[in-house]
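# Coordinate inspection notes
One-letter residues, chain by chain:
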Amino acid sequence: MSLRLLLVEDDRELRATLREALLVEGYQVLTAASLAEAIAMYGQTQLEEASTPAFDLILLDLGLPDGDGGDLLVKLRRKQSTPVIIISAREAEGQKIHLLDEGADDYLVKPFSISELLARMRVALRHRGNQVRAAVTRYEQGDLVIDLANHRVSRKGDAVHLTPTEFNLLARLVRSAGQVVTHRQLLVDVWGQEYLEHTHYLRLYMGQLRAKLEDNPAEPQLLLTEPGVGYRLLDTES
Amino acid sequence: MNALTSSQQLLRYSIGLAIWLLGWCLLLFFDAHFDPVNLSLILVLTSALAALWLPLSMTLLASVVGLMAFNWSFVPPRGTFAIDLHQHTVLLIAMMLVNIIIAGLMVFLREQSRRAQAYAHAAEELRIWGDKLRDASEPGSLLDELHLALERLSVGKANNHPVALVALNNQLPPTNQPSALQRIGSVNPEHEEALWHCLRTGQPLGPGTGHYQELDALYLPLRGRSMTSGAALISGITSADEFPALTQAQALCDQMGAALERHHIQQQERQARDQAQAQTVRNTLLAAISHDYRTPLATIMGAASSLDQQSERLSDTQRQQLAHSIVEEADRLRRLTSNVLQLARLDAIGGNIQGDWESAEEIIGSVMRRMRSHDPQQRLSAKLESHLPLLWGDSLLLSQLLENLIDNALKYSPPESPINVSAHIDKHHVVLAVRDQGTDIAAADYEQIFEVFQRGDHRKSGGAGGTGIGLALCRAIARAHGGELEFHATATGASFECHLPLRAQPANPESHL
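The paragraphs below set out a description of the structure included in this document. (Residues numbered from 1 in each chain as written. Chains lettered and ligands numbered in written order. Predicted model: local features only at pLDDT ≥ 70, side-chain atom pairs only at ≥ 80, totals over all residues.)

Moving on: the overall build of chain B. A tally of helices and strands in chain B yields 12 helices and 11 strands. The proportion of buried residues among the 513 residues of chain B is 32%. The contacts in chain B between residues at least 6 apart in sequence include a share of 64% that link residues at least 24 apart. (Helix = DSSP H or I, 4+ residues; strand = E, 2+ residues; numbered from the N terminus. Buried ≥ 20, exposed ≤ 12 C-beta atoms within 10 Å, placed from the backbone. Contact = placed C-beta atoms within 7 Å.)

Here it is in structure tokens:
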């Protein structure tokens, strides 16, 4: 059975283009042009009860004619973990961070290419239902192997020694491999709520991790920076 | 000024009395040698000299007493007030008149010179005050001095009168808002209201001013030509006599008012000028932006319309090439848009960036990753000094700066020549640099591009094409970070360097974490 997508986008041209491109990729695509339409399609009961989700993934525009797409995300996140990818022309990093912290799986700024969208969708779909299933515990990319269960990291077959903080930080990124993790999420999960303002800790430890895991830290291939927002560990499939 | 202190008065009386004493000593000494008529001249001289120091009443009293004593001691028959000869009567009466006239003249003269001195003093005070106001870049800072000067003027014989000053911070508000005023000295609510009235009408109020004479305090406006910028309060004054220096005080206040008004007008002028310049720069930018958009749009339009209308006559390869160029040019438009957005963002925050601790390594790393897709020949390479300190800044803006510089280098240096991106420390700066092997734009042209957007003269930007906005933004970003964007011609090519100030580093986490 093909995956069901809900595309919420008010611009007719963009909606049609994206729909065609996604159909070609074999997805089943339903579209909504407004917040009200999206809610109607989703079904009120579905929004309120945690039954089987009607969709496998939602592509959500923010500036809709009858409200902000962010409201739908908040409503949805109260009960369900259906992956949501925000597609918006708004570039302010404050908004990006806010929506990612609210539970959006990813944030794509318009304009974007279809290949970019498909890559992000694959990551989001893979992480779908992480709360129910066992979280990712193993990450392999090139000659790097990270085994969270056994606290082991090796590169080119040699064990890499990491301090406990470095390991915790890396583990947090591995669990969301391919997805952006905001500064806030990292600081809270690795150091604790009271370290929210200490972004310089992240700079320091990410630098150390890059020095140990990257071939050329000046041009990282694994531990990627999303300026102003957070970090992303390269997706294993890309 | 006019009020003498008691010690000064005592000195004057002593001198006057000493003169009388000396006069009498001379009279007694010359008594044996001269007749009374000659002696009387000494008495007249003494009286005239003493009048220089003694007040009118004492001069007259001393004259009368002196005359009677003279009559008693020197006019025959001696030892009595009786007068033998008629001529002596005439002498005494004449002496009496002369003494009175001299005393009167002396006192009048003294008063004249005292007044002249007071006027000169007041004029000098006004002149010095005027000089001070003229030299002050911010007349508001001299309010304290005006306060002191008014306090000096209000030192009374009996008691001192407290002085308070208020001055408008900005425009006169439609309603009385205490926060709109800068103040010196304390003011009670009743005084406050009167001060506002004085400020709004620009009229002095209180005893001796002709307005609200029954008030128990003086209110003097700080008047300019067309606006009143503040008001002074001299409290505890119930009649005009208590404050004779009213004119002088008002003159000091008015000078301050004129200076404040001048300053206000200058500020308005500067604002208007800045606004006009900002508008010109904005227009220039708009013109440059729409110019820069046309080229990629033209390519997209050409390729897309060809696909739309000639599709069946095109080969698969041709179609693919057209589609590819649409993607490429759309990406160029995306980068242009992003530049414009960041410029607008910088403009909106007025250069006050929202900074955080950022790592040069991460900024360069993320930019390198993004620019690789425009670098199929692998011309880019990055080199970082180890243990670089953290930067304080906005990572999005700094990324944009590097991206623009790299984009320019890719576009304007010879194909396949290497481009090096680096970060190093140079004394008190962290330097982010992009070096290429020879661009075809001369250093002078770059300087011109930088300046074009500052002066708002877009006609000169034609030669450099699309680099204008990008470079102008780069310099704006560097400056917003307290740094500078520099262009250096090297032996082999060109180097753009962004110098960012080094800051005291944040505390590192404890090692056990």
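This brings us to the sheet that holds strand 8 (residues 419-426) of chain B. Sheet strands associate in pairs through backbone hydrogen bonding, adopting either a parallel or an antiparallel arrangement. All names here are of chain B. Spatial ordering of the open sheet is given by 6-8-9-11-10, a layout of five strands whose pairing is mixed. If you trace the sheet from one side to the other, it starts and ends with strand 6 (380-384) and strand 10 (484-489), each paired once. Each adjacent strand pair in this sheet contributes to an overall mean axis angle of 20 degrees, direction not counted. By the bridge criterion, seven bridges tie strand 8 to strand 9 (residues 429-435) in an arrangement that is antiparallel. Counted as the bridge partner of Ser422 is Ala433 from strand 9. Of the strands in this sheet, strand 6, strand 8 and strand 9 touch helix 9 (residues 360-371), which is tilted by about 170 degrees from strand 6. (Pairing = 2+ DSSP bridges. Axes fitted to C-alpha atoms, helices over the stretch in contact; angles between N-to-C directions.)

In an α-helix, one turn spans 3.6 residues, which is why side chains three or four residues apart end up on the same side. Residues and elements named next belong to chain A. The first and last C-alpha atoms of helix 7 (residues 164-175) sit 16 Å apart over 12 residues, in line with the 16 Å expected at 1.5 Å per residue. Within helix 7 the residues assigned to the buried category are Leu169, Leu170, Ala171 and Leu173. Considering only its buried residues, helix 7 is in contact with strand 9 (144-147), strand 12 (180-182), helix 8 (183-190), helix 9 (199-213) and strand 14 (230-233). (Expected span 1.5 Å × (residues − 1).)

Listed per partner, the contact involves 27 residues of chain B and 20 residues of chain A. Top contributing element to the side of chain B that touches chain A by residue count: helix 9 of chain B, with eight residues. Class assignment for the residues of the side of chain B that touches chain A results in 14 nonpolar, six polar and seven charged. (Nonpolar A, V, L, I, M, F, W, Y, C, P; charged D, E, K, R; others polar.)

This paragraph deals with helix 1 (residues 12-24) of chain A. Taking 1.5 Å of rise per residue, the 13 residues of helix 1 of chain A would be expected to cover 18 Å, and the 18 Å separating its terminal C-alpha atoms lies within 8% of that figure. Following helix 1 of chain A by one or two positions, Gly26(A) adopts a phi angle in the positive range, close to 95 degrees.

Residue and element names in this part refer to chain B. Two elements in contact, helix 4 (residues 86-135) and helix 7 (residues 246-309), have axes whose closest approach is 10 Å; the angle formed by their N-to-C orientations is 15 degrees. Between helix 4 and helix 7, the interaxial angle falls into the category roughly parallel. By crossing handedness, the relation of helix 4 to helix 7 is classed as right-handed. Within the contact between the two elements, helix 4 uses Ala122, Leu126, Trp129, Gly130 and Leu133 and helix 7 uses Gln248, Ala251, Leu252, Gln255, Met256 and Ala259. Its residues assigned to classes, the contact of helix 4 with helix 7 comprises eight nonpolar, three polar and no charged. (Parallel < 35°, antiparallel > 145°, perpendicular 65-115°, else oblique. Left-handed = near helix turned anticlockwise from the far one by under 90°.)

Residues and elements named next belong to chain A. Summarising the sheet, strand 8 (residues 138-141) and strand 9 pair through four bridges and their orientation is antiparallel. Paired with Gln141 across the two strands is Leu144, which belongs to strand 9. Hairpin connection between strand 8 and strand 9: a loop of two residues separates the two successive antiparallel strands, and Gly142 in this loop has a positive phi of roughly 60 degrees. Two elements, strand 9 and strand 10 (residues 152-155), share four bridges in a ladder whose sense is antiparallel. Looking at the pairing, Val145 lines up with Ser154 of strand 10. Linking two consecutive strands that pair antiparallel, namely strand 9 and strand 10, is a turn of four residues; a positive phi of about 55 degrees is found at His151 within it.

Turning our attention to the packing of helix 8 (residues 316-349) of chain B against helix 10 (residues 395-412) of chain B. The relative placement of two packed helices is expressed as an angle between their axes plus a distance between the axes. Residue and element names in this part refer to chain B. Between helix 8 and helix 10, the least distance of the axes is 11 Å, while the angle of their chain directions is 135 degrees. When the axis of helix 8 is compared with that of helix 10, the two are oblique. Handedness of the crossing formed by helix 8 with helix 10: left-handed. The segment helix 8 lies against helix 10, with Arg335, Ser338, Asn339 and Gln342 engaging Leu397, Gln400, Asn404 and Asp407.

A separate point is the sheet that holds strand 12 of chain A. Residue and element names in this part refer to chain A. Taken in spatial order, the three strands of this open sheet run 12-14-13, and their pairing is antiparallel. Strands with a single pairing partner mark the edges of an open sheet, and in this sheet they are strand 12 and strand 13 (223-226). Ignoring which end each strand starts from, the neighbouring axes of this sheet average 30 degrees apart. Contacting strand 12 and strand 14, helix 8 runs over the sheet at an angle of about 70 degrees to strand 12.

Here we come to the environment of Asp61(A). Residues and elements named next belong to chain A. Along the chain, Asp61 falls in strand 3 (residues 57-61). Owing to 25 C-beta atoms within 10 Å, Asp61 belongs among the buried residues under this scheme. When the C-alpha atoms of Asp61 and Ile85 are compared, they prove to be 8.7 Å apart, with 24 residues separating the residues in sequence.

Further remarks concern the environment of Ser229(B). Residues and elements named next belong to chain B. As for its position among the elements, Ser229 is in strand 4 (residues 228-235). The exposure class of Ser229 is buried, given the 26 C-beta atoms found within 10 Å. Separated by 59 residues in sequence, Ser229 and Asn170 place their C-alpha atoms 8.7 Å apart. Once you skip the residues sitting within four places of it in the chain, Ser229 turns out to touch Ala167, Leu168, Leu222, Gly224, Gly257, Leu260, Glu261 and His264.

Turning our attention to the pairing of strand 13 of chain A. As paired elements, strand 13 of chain A and strand 14 of chain A share four bridges and run antiparallel to each other. Looking at the pairing, Thr225(A) lines up with Tyr231(A) of strand 14 of chain A.

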